[in-house]
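Working through the structure, step by step
Spelled out from the first residue to the last, the chains are:
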Amino acid sequence: MFTVEIQAVNDRSLHAQGSAFVVLGENLLITNYHVISGTNPQKPMDIMIIDNSGATWPARFIKASKDHDLALLKIDKVFESSFVLPDGPNAKLLDKVVAIGTPMSESLSQSFSSGTVSGFRSVGIYELLQLSMAVNSGNSGGPLLTEDGSLKGVVTGKLVGNNVEGIGFAIPAYRIAEYLGLIFK
């Protein structure tokens, strides 16, 4: 599996837990900026990656787009495969999708949540896929896929409130390279 759990620690206490996935080769990871950002910019977060075997790896911050809630990390572990970033829109209305992540605790790592792409939304500078599925805080930064393994997006959040259930959001996968300023040769 080329999705992992991510833990960001500041002052020896867990600040955030989320998910990440391998892209662009064997050791670069995408996650949400809010998962690794921390509360004190003067004290950088220690970012640990936990793979599906339970092994831990320190991650190095490479770059981020705070405005688009994306971050690129690197670790010294080689994964067997990685997700391919699409070069154009590849999600369609009513696509059946699956989010892989670590909702709420490490014991739930590699959990799947399924639903559909139920809409396309623009919120300020954000372009988002609206999802009809359960998304929890530990799903942040995890991949959104179709059954054939095609990357459709990065899970980023959900609506919270009275009488609101099963409305999540993902950043479209084809926007990752643009938002992070990645150049392919």
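Heads up: the structure comes first, above all this text.
An account of the accompanying structure is given in this report. Keep in mind it's a predicted model, so treat the numbers as computed, not measured.

What counts, and where the lines are drawn
Residues numbered from 1 in each chain as written. Predicted model: local features only at pLDDT ≥ 70, side-chain atom pairs only at ≥ 80, totals over all residues. Heavy atoms only, no water. Buried < 20%, exposed > 50% of the residue type's maximum accessible area, 1.4 Å probe, protein only. Helix = DSSP H or I, 4+ residues; strand = E, 2+ residues; numbered from the N terminus. Core = buried A, V, L, I, M, F, W, Y, C linked by side-chain atoms within 4.5 Å. Contact = heavy atoms within 4.5 Å. Patch = residues over 30% accessible without salt bridge, like charges linked within 9 Å, V, L, I, M, F, W, Y side chains within 5 Å. Areas by Shrake-Rupley, 256 points an atom, 1.4 Å probe, with all protein chains shown as cover. Salt bridge = Lys/Arg side-chain N within 4 Å of Asp/Glu carboxyl O. Pairing = 2+ DSSP bridges. Axes fitted to C-alpha atoms, helices over the stretch in contact; angles between N-to-C directions.

1. Focus on unusual backbone geometry
Within the chain, Asp 69 stands out as a residue other than glycine whose phi angle is a positive 60 degrees. Given a relative accessible area of 8%, Asp 69 falls into the buried group. The phi torsion at Leu 94 lies on the positive side, around 75 degrees, for a residue other than glycine. Tracing the sequence through the fold places Leu 94 in the loop between β6 (70-75) and β7 (96-101). For Leu 94, a relative accessible area of 62% translates into the label exposed.

2. Observations regarding the environment of Ile 36
In this structure, Ile 36 sits in helix α1 (residues 33-36). Spatially, the C-alpha atoms of Ile 36 and Ile 47 are 7.0 Å apart, while their sequence positions differ by 11 residues.

3. Points about the nonpolar core
Within the largest apolar cluster, 22 residues are counted, with the highest numbers of intra-cluster contacts made by Phe 21, Ile 30, Leu 70, Leu 151, Val 154, Ile 176 and Leu 180. Of all elements in the fold, only β2 (13-23), β3 (28-31), β6, β7, β11 (151-158), β12 (168-172) and α2 (176-180) reach the threshold of two or more residues within this core. Top contributing element to this core by residue count: α2, with 4 residues. Those residues in contact with Leu 151 that sit more than four places away from it in its chain are Phe 21, Phe 83, Val 84, Leu 85, Pro 86, Asn 90, Pro 143, Leu 144, Leu 145, Ala 173 and Ile 176. Residues Ile 6, Ala 20, Val 22 and Ile 36 belong to the second largest nonpolar core, which totals 15 residues.

4. Concerning a nonpolar patch on the surface
A contiguous nonpolar patch, built from Leu 93, Leu 94 and Phe 120 and spanning about 330 Å² of accessible area, is present on the exposed surface. One can find Leu 93 in the loop between β6 and β7.

5. Considering the pairing of β7
With 5 of its 6 residues buried, β7 lies for the most part within the structure. As paired strands, β7 and strand β8 (residues 111-123) are joined by 6 bridges and run antiparallel to one another. Residue pairing for β8: Val 97 is matched across the bridge by Gly 115.

6. Some details on the sheet that holds β12
Ordered in space as β7-β8-β9-β12-β11-β10, the 6 strands form a closed barrel in which the pairing is antiparallel. Averaged over all pairs of adjacent strands, the angle between their axes in this sheet comes to 45 degrees, without regard to strand direction.

This is a description of form; function is not addressed.
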